[in-house]
Every structure is written in C-alpha cells, then in structure tokens.
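Architecture and fold: a report
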Amino acid sequence: MDAVSLSTLLAAAAMAGWVDAVVGGGGLLLLPALLVAAPGLPVATALGTNKLAAIFGTTTAAATYGRRTKVDWRVAGPAAGVAVLSAGVGAALAGAVPASAYRPVVLVVLVAVAVFVLLRPRLGVVAVPARRTPARVAVAIGVAGVGIALYDGLIGPGTGTFLVVAFTVLVGADFVHGSAMAKVVNAGTNLGALVVFGLTGHVWWLLGAAMAVCNIVGAVVGARMALRRGAGFVRVVLLVVVAALVAKLGHDQWVVG
C-alpha cells in the first residue's frame, strides 16, 4: 500500500472514530476507504480489520462518556454481554448472506428512522425516565443485544446510530445518554465480531492497529464534543449520518447493483 493510500486510511479512521463517538456510523467512512485503498481485499477482511480499529475507538468513547456522565448499566451491561455472542454469530454468517438480501430492509429502516426523528423534534433532547419500565428495559436489551448486534456482525455501518435511536425510543434516554449506552454495547458487538473474524483469518492486524490509534484520537474528540454541546448537537449529527447511510446504500442498491 502506498503512502497516499495509507494516509487516507488513517485520516478516515480518525474521522470514523469521531462519528462513532457522537452517534455511530463510522463504518460508513472506514469500510469504503479500506476497499478503495486495498483493491481486491475480501469484504470479510475489510470488516474484520474495521472491527479491530473500531473496538479501540468505541471502548475509548465508552470510557470517556462513563467518566463524564451516568451510564445506565441496567440496560447497557446486559445488552453488551448478549451482543458479544450475537455479533459473533453475525460475523460467522457474514460471507453466507449476500448484501442484496439485507440492503433494501436496512434502507427502509433508515428512512423510517429519519422520518421519525424529524417528526419528533423533542425526541432525545430531554430524557423521559417514565419510559424506563422493566418491560421496556427487557425489550431494549433484546433489540440492542440481539437484533442490532447480529446486524453489526453481518455488515456493521449504522450500528451505533440504530443503538442510539433504540435507547432513546425504548427507554427514554436523551441522545447524549443514549449515545453513552450505545458505545458500551457497540464495544461488545465489535469484540464478538472481531474474535470470529480473527479466528477465520480475516483481520489485517498491522494496518488495523495503525488505524486503531487514529480511531482512538477521533473517539476522544467526538465524545467530548458530544458531552459539551449536548443532545441537540447529537440529533443533528444523527440526521446527517442517517442521510449519508441512505445515500450510500441506495447507490449500492440501484447503481452498483
């Protein structure tokens, strides 16, 4: 890999860390960058190498949020534990499920998320503790730890965004606290997927380690910015990331095929 490609990848890793720390969706930047910088790289290897970089960034962001705000471990802890196993299953299935099978579904879900957030301008701006009932907590753990984690193991981009919205809608977290919980669960999904990709030889370890350093830097900056600027800032970034994800998946579905 030449110096220009490597520099581009490291810059993409830093930006991905920032996006992931604020609202998730860093894979939207890093996965395409990997595939462009290393033509012929198997998709599974790109996914595994991305997970190596991402696990350091999400863990750093989770620690940064944990030091500066309260993380609801009653939700995030069990969801992260289940997510390790679910993401591992998803990673094991990654090569067997064609992108055409899930791409239209994810597109519909993303559009629904964007419309829902736009129509609910107060969503996530202020916490709604009354929603945190035992039943809703159980549903949130299932949705985050099983459904979203399985998706993360399969392909990944947008996982953090789905987690933030799930915690906001299901248990009434504001976007900042929802993002804090999302980082904890996302660290679990990255770990589960990374173990499987590593065992199957689909991780480019040296490159992933270099990207991890840049991802950590971006994650620290992003988490601190989200905490400082608050839920309104996170909401705007969420909508931008969702729009970018819709554009990317739509392009892959109808232009690339």
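In what follows, the structure referred to is the one given above.
Residues numbered from 1 in each chain as written. Predicted model: local features only at pLDDT ≥ 70, side-chain atom pairs only at ≥ 80, totals over all residues. Heavy atoms only, no water.

1. Overview of the overall build of the protein chain
Definition in use: Strands here mean DSSP runs of E at least two residues long; helices mean DSSP runs of H or I at least four residues long; both are numbered from the N terminus. Radius of gyration: over C-alpha atoms. The globule rule applied is 2.2 Å multiplied by the number of residues raised to the 0.38 power. Relative accessibility under 20% of the residue-type maximum defines a buried residue, over 50% an exposed one, and the middle range a partly exposed one, all with a 1.4 Å probe and only protein chains included. Two residues qualify as a contact provided that any one of their heavy atoms is within 4.5 Å of a heavy atom in the partner residue.
When helices and strands are tallied, the protein chain shows ten helices and zero strands. Going from the N terminus to the C terminus, the protein chain shows its helices and strands as α-α-α-α-α-α-α-α-α-α. For a compact globule of 257 residues, the expected C-alpha radius of gyration is about 18 Å, and the protein chain comes in at 17 Å, within 12% of that figure. Projected onto its principal axes, the C-alpha coordinates of the protein chain cover approximately 50 × 35 × 30 Å. When the 257 residues of the protein chain are sorted by exposure, 56% land in the buried category. In the protein chain, 83% of the contacts between residues at least 6 apart in sequence involve partners at least 24 apart.

2. Observations regarding the environment of alanine 182
Along the polypeptide, alanine 182 turns up in helix α8 (residues 175–199). A sequence separation of 160 residues divides alanine 182 from valine 22, and the C-alpha atoms of the two residues are 10.0 Å apart. Residues in contact with alanine 182, not counting those within four places in the same chain, are Gly160, Leu163, Val164 and Phe167.

3. Remarks on the packing of helix α7 (residues 159–171) against α8
Short version of the rule: Between N-to-C directions, angles span 0 to 180 degrees; the directions come from axes that are lines fitted to C-alpha atoms, helices contributing only their stretch in contact. Here the word oblique covers every angle except those under 35 degrees (roughly parallel), over 145 (roughly antiparallel) and from 65 to 115 (roughly perpendicular). Should the near helix be turned anticlockwise from the far one by less than a right angle, the crossing is termed left-handed; should it be turned clockwise, right-handed.
Contact pair α7 / α8: the axes reach a minimum separation of 8 Å and the direction vectors enclose 125°. Between α7 and α8, the angle falls in the class oblique. The two elements α7 and α8 meet at a crossing, and its hand is right-handed. Residues Thr159, Gly160, Leu163, Val164, Phe167, Thr168 and Val171 of α7 pack against Phe175, Gly178, Ser179, Met181, Ala182, Val185 and Asn186 of α8.

4. Concerning the side chain of threonine 189
Residue placement: threonine 189 occurs in helix α8. In this structure threonine 189 comes out as buried when scored by relative accessible area, which is 1%. Each residue touching threonine 189, except ones within four places of it in the same chain, is listed here: Ala83, Ala87, Ala149 and Asp152.

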